Amino acid sequence: MNDFNFSALITPREKPATPLRVAVLGGGSFGTAMANLAARNGCETCMWIRDENAAKDMQQTKRNMRYLPDFQLEDSLQFSSRLEDVVPNRDIILVAIPSHSYRDVLKQIAPMISGQAIVSLTKGIEAETFCLMSDIIQQELPEVPFGVLSGPNLAKEIVANMPAGTVIASSSEALRNAVQTALHSALFRVFASSDVHGVELGGALKNIYAIAMGMGAAYNVGENTRSMLLTRALAEMSRFAVTLGANPLTFLGLSGVGDLFATCSSPLSRNYQIGYALGQGKNLEEAVAALGQTAEGINTIRQVSAQSKLLDVYMPITNALYEVIFEGKPPLGIALSLMQNGHRSDVEFVLPHEQV
Ligand SMILES: NC(=O)C1=CN([C@@H]2O[C@H](COP(=O)(O)OP(=O)(O)OC[C@H]3O[C@@H](n4cnc5c(N)ncnc54)[C@H](O)[C@@H]3O)[C@@H](O)[C@H]2O)C=CC1
Ligand SMILES: O=C(CO)COP(=O)(O)O
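Note that this is a predicted model, so its numbers are computed, not measured.

I'd love a proper account of the pairing of strand β8 (residues 188–193), names of residues and values included.
With 6 bridges joining them, strand β7 (residues 164–169) and β8 adopt parallel strand pairing. For I168, the partnering residue across the bridge sits in β8 and is A192. For the handedness criterion, the β-α-β arrangement of β7, helix α7 (residues 173–183) and β8 is classed as right-handed.

Given below as C-alpha cells:
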C-alpha cells in the first residue's frame, strides 16, 4: 500500500503584512511542533530553550536534535535562551513547559508581560496544589487573556506533516481567533471551545489511561478488553471533570475521546510507553529513566487518586493504577478485582448510577 504524501499539500504562504508575533516557551517535542506550525503560517516565531548551547545549536541547524532529530524545521523559526529576547512584544505566548516547572516559568516572565495572551499546551496537574495550568496562569498573571490548546496531537506525527486536529479553549473569542490564525492549516485544524477546564482536563486525565493501555498491551489483552478499558476510562474522566464543573459534552470532542483514543492506541505516547515498560516488569524508576522525556500521567495518577477520595468521585481505574504503581499491588489481581466490581450504569448521564 502506498502512503499518501501529505507534505505535498503544503503550499508556501505569503508572509502577512502584519504577521502575528508568537513566542513558544519550552524546547521539547510539542513546543517545537507548534512553533514550527506557527512559523510555517507566516508568524514571527521564537522559541525559548533554557539551555544556551541547545538554543545556539538549534538556531544554527534548525533542528531539535534532542527531541525531534529527524525533522528539519522552518528556516524562519528563531531560538533563544534569553526570556528577555523572546517574551516582550509578542501577541501570543504558547507555554509548553511540563507541569512541575510551569509556575516557576510564569513567575519568571511576569515582569515582561504587557498585553500578550498566554496559551497553555501542557497536559498536567500541578503536584500538591491540584491546580490546572489555567489556574496557575490566573494566579500568577491575573488580568492576562488566556486559553488552553489540547487534542490528539502526537508531536512526531505533526512534524511529519500527518493531518491532525486540536482544540483552542478560551472565554475570549479574539484569543481563539488569533490562535486559529497562528496554527490552523490544511494539515492542522484548530477547533474552538469555551470549556477551558473541560478541554484541559481531557488532556491531563487521558494520560492516566494511556498508562493503563500500555500495560494492557504488554499483557497482550484482546480488543474487547481494550475497548472496555477505553470506554470506561471516558466514563471515569468525564465523571471526574463534571464534578469539577466541566461540560460532559466536551468529552465527545477532540480533546476528550479524540485524545484518549490517540494516546491509548499509540506507542508514540510517552505515557503509553511507561505503562508498557511497567507491564513488562520494569519498576517505575527504570521506566521513567529509559523514557528520558515528560510523562505527565505518573504525577496525574497521584493527584487524581487523592482528589477522587477527597471529592468522593468513583474512579476505579485510576485508583487501581495507584495501587499497582505506588503500593506494589499485583497487576493481575487488581485487574480481576476491577472486573468483579458491582453493577453500574453504562452512561450515567443517561441512567444515573443510583437507578441501576
Ligand atoms: N509531546 C507530545 O506529543 C505532546 C505533549 N504535550 C504536553 O506538552 C508538555 C510538554 O511536553 P513535551 O514538549 O512533549 O515534553 P518534552 O519532554 O519533550 O520536553 C520538555 C521541555 O521542557 C523543558 N523544561 C523542563 N523544565 C523546565 C524548566 N524548569 N524551565 C525551562 N524549560 C524546562 C525541557 O528542557 C524540555 O525542553 C507536557 O505537558 C505534555 O503533556 C501536549 C500534546 C502533545
Ligand atoms: O498528549 C499527547 C498526544 O495528544 C502526547 O501524549 P504523551 O505525553 O503520552 O506522549
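How would you explain the site of ligand 2 if you had to name every residue and give the values?
Every residue close to ligand 2 is listed here: K123, P152, N153, L154, N207, A210, D259, A262, T263, S269, R270 and N271. Those elements that place two or more of their residues in the shell around ligand 2 are α8 (196–218), α10 (254–265) and α11 (270–279). Broken down by element, the shell around ligand 2 gets its largest block of residues, 3 residues, from α10. A breakdown of the residues in the shell around ligand 2 according to their chemical character gives 4 nonpolar, 5 polar and 3 charged. Residue-level mapping places the shell around ligand 2 at the junction of two domains, with at least three residues from each of domain 1 (6–194) and domain 2 (198–355).

Just give me the short version of the packing of α8 against helix α14 (residues 316–327), but keep the residues and values in it.
Across the interface, α8 lies against α14 with an axial gap of 10 Å and an inter-helix angle of 60°. The orientation of α8 relative to α14 falls into the category oblique. Crossing geometry of α8 relative to α14 is assigned as left-handed. Residues I208, Y209, I211 and A212 of α8 form the contact with α14, whose participating residues are I317, T318 and L321. Classifying every residue of the contact of α8 with α14 gives 6 nonpolar, 1 polar and no charged.

Give a description of the UniProt feature "binding site: sn-glycerol 3-phosphate" (unreviewed entry) in the protein chain that names residues and reports values.
Under the present numbering, the feature "binding site: sn-glycerol 3-phosphate" (unreviewed entry) in UniProt falls on K123, G151, K206, D259, S269, R270 and N271. Within the secondary structure, K206 is located in helix α8. Judged by the 33 C-beta atoms lying within 10 Å of it, K206 falls in the buried class. Examined against the element boundaries, N271 turns out to sit in helix α11. Using a count of 28 C-beta atoms within 10 Å as the deciding quantity, one classes N271 as buried. Ignoring anything within four residues of it in the chain, the contact list for N271 reads N207, A210, I211, G214, T263, A295 and G297.

I'd like a rundown of the nonpolar core, residues and numbers included.
In terms of nonpolar packing, the biggest core is built from 102 residues, with M34, L94, V95, V119 and V179 touching the most fellow members. For this core, the element with the most residues is α8, which contributes 12 residues. The residue makeup of this core includes at least three contributed by each of domain 1 (6–194) and domain 2 (198–355). Aside from chain neighbours lying at most four places away, what touches M34 is V24, L94, A96, L121 and L183.

Hey, could you go over the sheet that holds strand β5 (residues 117–120) for me, with residue numbers and the actual values?
As summarised here, the arrangement of the 8 strands in space is β3-β2-β1-β4-β5-β6-β7-β8, forming an open sheet in which the pairing is mixed. The open sheet has two edge strands with one neighbour each: β3 (78–80) and β8. Taking each pair of neighbouring strands and ignoring which way they run, the sheet shows an average axis angle of 25°. Two strands pair when backbone bridges link them, and strand β2 (residues 44–48) and β3 are joined in this way by 3 bridges, in the parallel orientation. Considered in β3, the bridge of C46 is made with Q78.

Residues and numbers for the site of ligand 1, please.
Every one of the 25 residues lining ligand 1 counts as a neighbour, but G28, F30, S101, A155 and T294 are closest to it. When contributions to the shell around ligand 1 are tallied by element, the ones reaching two or more residues are α1 (29–40) and α4 (99–109). When the residues that make up the shell around ligand 1 are grouped by side-chain class, the tally is 9 nonpolar, 12 polar and 4 charged. Looking at the shell around ligand 1, you find at least three residues from each of domain 1 (6–194) and domain 2 (198–355).

Got a sec to walk through α1? Specific residues and values, please.
Taking 1.5 Å per residue as the helical rise, α1 with its 12 residues ought to reach 16 Å, and the 17 Å between its terminal C-alpha atoms agrees with that figure. α1 sits mainly inside the fold: 12 of its 12 residues count as buried. Those residues of α1 not exposed but buried are S29, F30, G31, T32, A33, M34, A35, N36, L37, A38, A39 and R40. On the buried face of α1, the contacting elements are β1 (21–25), β2, β4 (92–95), α6 (155–159), α7 and β8. The first or second residue beyond α1 is G42, which carries a positive phi of 90°.

An account of the environment of I92 is needed here, citing residue identities and associated values.
On the secondary structure map, I92 appears in strand β4. Sequence separation between I92 and I118 is 26 residues; the distance between their C-alpha atoms is 6.0 Å. Apart from the residues within four sequence positions on either side, I92 is in contact with L20, V22, Q116, A117, V119, A178, V179 and A182.

Parameters at a glance
- Residues numbered from 1 in each chain as written.
- Chains lettered and ligands numbered in written order.
- Predicted model: local features only at pLDDT ≥ 70, side-chain atom pairs only at ≥ 80, totals over all residues.
- Pairing = 2+ DSSP bridges.
- Helix = DSSP H or I, 4+ residues; strand = E, 2+ residues; numbered from the N terminus.
- Right-handed = clockwise from strand over helix to strand, strands pointing away.
- Near = placed C-beta within 6 Å.
- Nonpolar A, V, L, I, M, F, W, Y, C, P; charged D, E, K, R; others polar.
- Domains from an automatic or database assignment.
- Axes fitted to C-alpha atoms, helices over the stretch in contact; angles between N-to-C directions.
- Parallel < 35°, antiparallel > 145°, perpendicular 65-115°, else oblique.
- Left-handed = near helix turned anticlockwise from the far one by under 90°.
- Contact = placed C-beta atoms within 7 Å.
- UniProt positions renumbered as here; feature names shortened; annotations may be inferred.
- Buried ≥ 20, exposed ≤ 12 C-beta atoms within 10 Å, placed from the backbone.
- Core = buried A, V, L, I, M, F, W, Y, C linked by C-beta atoms within 7 Å.
- Expected span 1.5 Å × (residues − 1).

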